[in-house]
Amino acid sequence: MKKYRYVSWSCVWSVMALLLVATSGMAQDLNTPAAFELMKERSLWRQSENAAGLLLDNPYRYSELKAGYNWSKGNFCRPQQGNGNHDLDFGTEGGVFLKKMYVWGAFDYSRESLKNVDFKQSIIDPYRGMPYYVTDLNTSDWENQFYDMRFKVSLPVNQMWSLGLDGKYSVAQGAKQRDIRTTNLYYRLDVKPAVVYSFNDSHHVGLVLEYMNLKEEANPDMANTDDYQPYYELYGLGTASENVGSGKTVNYIGNRVGAGLQYGYQEGAVKLLLTGDYSYRVEDAEFSFDRPEKFGTAKEKLWQGKLLFQLWSASYSHHFEASYRNSGIDGIQYVQQNTSSEGWQTLHSNIRSTYKTQLAGLDYSLIANRGNEYRWRLGVGVQYDNEKDEYLIPYSVKRTENLAFSVNGKVNIALSDRLAERLLIAAKVMYSNNLSGCYSYNGSYPDYAVVTDFEQTDLNYLVSDFYGLNESVTYSRKIKPSQPANLYVKGMVDYRKTNDFDFSDRTTISFALGCNF
């Protein structure tokens, strides 16, 4: 762990030093929240995995500092998300030119308190594509902390070639508050070297390579050792093994490799970026450290692509985005034998479960421009998702198919030009319609709570029709007329309502303070 702490602090100081350099101001006339929003949205290469293309976005020097509080309440949530949560977050990011290079960095911290969480013990994020984890039946609170540090570097070699590097280091700590208690430690490191070749000022192609390494440790404990609890080793879709005691130490070790291609075009008022990425991840789950026993392995093949298209004019702009994601995970289980001399030996392994997900989305926005910000914008979107999870022997299946629609709008009211006072009002309405869904369990012990309460309740959430309303108000102004720093305060309310099953609604309220330089 000393090695991880050293890397963590090195990343912290590197990012903070970068951001201190970047605080000398943004090279544009206004730093309002609407201007920052458009700046990030119009930087197409920044939205890809290829850091070498950052200079093609014509970036400028800027910094942003923000802090916020979020509170959620309501039973319309998945069992492992908690029905009464609140968290504090802090973030900063900035970009700066260092001679010919453009360097961008960001640091984010959040402290999260989850209330009344069910069926979660040995993993902080049970939705990250790992089906093998341990849980008990005791509803409990969770206290989590997350640190994320990231940088992007773009270096032009000559008029045709540019090199880039994207790095991210994430650390998390989670603690379950009720027996069987647990303390989880997690880290993840991503490194993405990249290159871009420019045929001319209009046509560009890029290549990015990816390597990811992660590790998570779950260390269970009991405050009351006189009252051992039942716990379950989950193998997917409700298939589980029941035990009694103080839980099991679980160790997750994962690696991912991948590559992606990009094509960019920009000419006059037209800008386009097409990206395609493929990655392959292998993550092992083991019991214990000194004599590890194989719990299971997840092997994931992930394909994803995105098309970003923008048409600009002095008065109006059109932004279009299409995205697609296809993930397939094979769950591998083992037959093992414990020997006194060599520990656990694998006698046989095979694929016992599969998890397939398809996501597709379309979004369009019409923007009425005002300098480097906007007067108003309107948008529509549609998203389709299809999930099919299967446990092969004995056969069980869990399927969902949903289609969601959204309409959104923003108005950026100019209150004062002297101090660049703005009132940004935003609203979004959405509706999610379930097209199909089922859960059929045919394994042993169908009366286990992980079948009747956990998987069935999760399925009920995923197939529920609901509508949502999101509203926010942001007030911003300069500190002094002659200074570029722009302060803002933001309030947001998100409400989701359903009448399906035993669910009702969920409300999220957020407040944020920030400063743009």
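Here we summarise the structure given alongside this text. (Residues numbered from 1 in each chain as written. Predicted model: local features only at pLDDT ≥ 70, side-chain atom pairs only at ≥ 80, totals over all residues. Heavy atoms only, no water.)

For the protein, the count of helices and strands is three helices and 21 strands. Radius of gyration (C-alpha) of the protein: 25 Å, near the 24 Å computed for a compact globule of 517 residues. Considered along the principal axes of its C-alpha atoms, the protein spans approximately 70 × 50 × 40 Å. Contacts spanning at least 24 positions in sequence make up 68% of the contacts within the protein whose residues lie at least 6 apart. (Helix = DSSP H or I, 4+ residues; strand = E, 2+ residues; numbered from the N terminus. Rg over C-alpha atoms; globule rule 2.2 N^0.38 Å. Contact = heavy atoms within 4.5 Å.)

To continue, consider the packing of aromatic side chains. Inspection of the entire model under this criterion finds 19 aromatic pairs. Pairing Tyr 132 with Phe 295 gives two aromatic rings, centres 5.8 Å apart and planes at 55°, and the pair type is tilted. Note that Tyr 132 is positioned in the loop between β3 (101–117) and β4 (133–136) and Phe 295 in strand β13 (residues 293–311), a separation of 163 residues in sequence. A ring pair is formed by Tyr 197 and Phe 199, whose centres lie 5.0 Å apart and whose planes are at 90°; its orientation type is edge-to-face. The exposure class of Tyr 197 is partly exposed, given its relative accessible area of 22%. One aromatic cluster in this structure is built from Phe 76, Tyr 461, Phe 466 and Phe 503. Above the face of the Trp 312 ring, Arg 42 is positioned so that its terminal group lies 5.0 Å from the ring centre. Across from the ring centre of Phe 287, 4.3 Å away, lies the NZ or CZ of Lys 248, which sits over that ring. (Phe/Tyr/Trp six-rings, centres within 6.5 Å; stacked < 30°, edge-to-face > 60°. Buried < 20%, exposed > 50% of the residue type's maximum accessible area, 1.4 Å probe, protein only. Lys NZ or Arg CZ within 6 Å of the ring centre and 35° of its normal.)

This part takes up the nonpolar core. If you look at the biggest cluster of nonpolar residues, it comprises 33 residues, and the most contacted ones within it are Met 130, Leu 234, Val 250, Tyr 252, Phe 295 and Val 450. Only β4, β9 (229–236), β11 (250–267), β12 (270–287), β13 and α3 (449–462) provide two or more residues apiece to this core. Ranked by the residues each element gives to this core, the list is headed by α3, at five residues. Those residues in contact with Tyr 252, other than ones at most four positions away along the chain, are Ser 122, Ile 123, Arg 128, Met 130, Tyr 132, Tyr 133, Leu 214, Lys 215, Glu 216, Glu 283, Asp 284 and Ala 285. Membership of the second largest hydrophobic core comes to nine residues, among which are Leu 44, Ala 194, Val 196 and Leu 308. (Core = buried A, V, L, I, M, F, W, Y, C linked by side-chain atoms within 4.5 Å.)

A separate point is the sheet that holds strand β10 (residues 239–245). Pairing between sheet strands relies on hydrogen bonds along the backbone, with the strands arranged either parallel or antiparallel. Across the sheet, three strands lie side by side as β4-β9-β10; this open sheet has antiparallel pairing. One side of each edge strand has no neighbouring strand; the edge strands of this open sheet are β4 and β10. Neighbour-to-neighbour, the strand axes of this sheet turn through a mean angle of 30°, independent of strand direction. Bridge analysis of β9 against β10 gives seven bridges, and the strand direction is antiparallel. Paired with Glu 233 across the strands is Ser 241, a residue of β10. Across the sheet, α3 is in contact with β4, β9 and β10; its angle to β9 comes to roughly 65°. (Pairing = 2+ DSSP bridges. Axes fitted to C-alpha atoms, helices over the stretch in contact; angles between N-to-C directions.)

It is worth stressing that arrangement in space is one thing and function is another; only the former is reported here.
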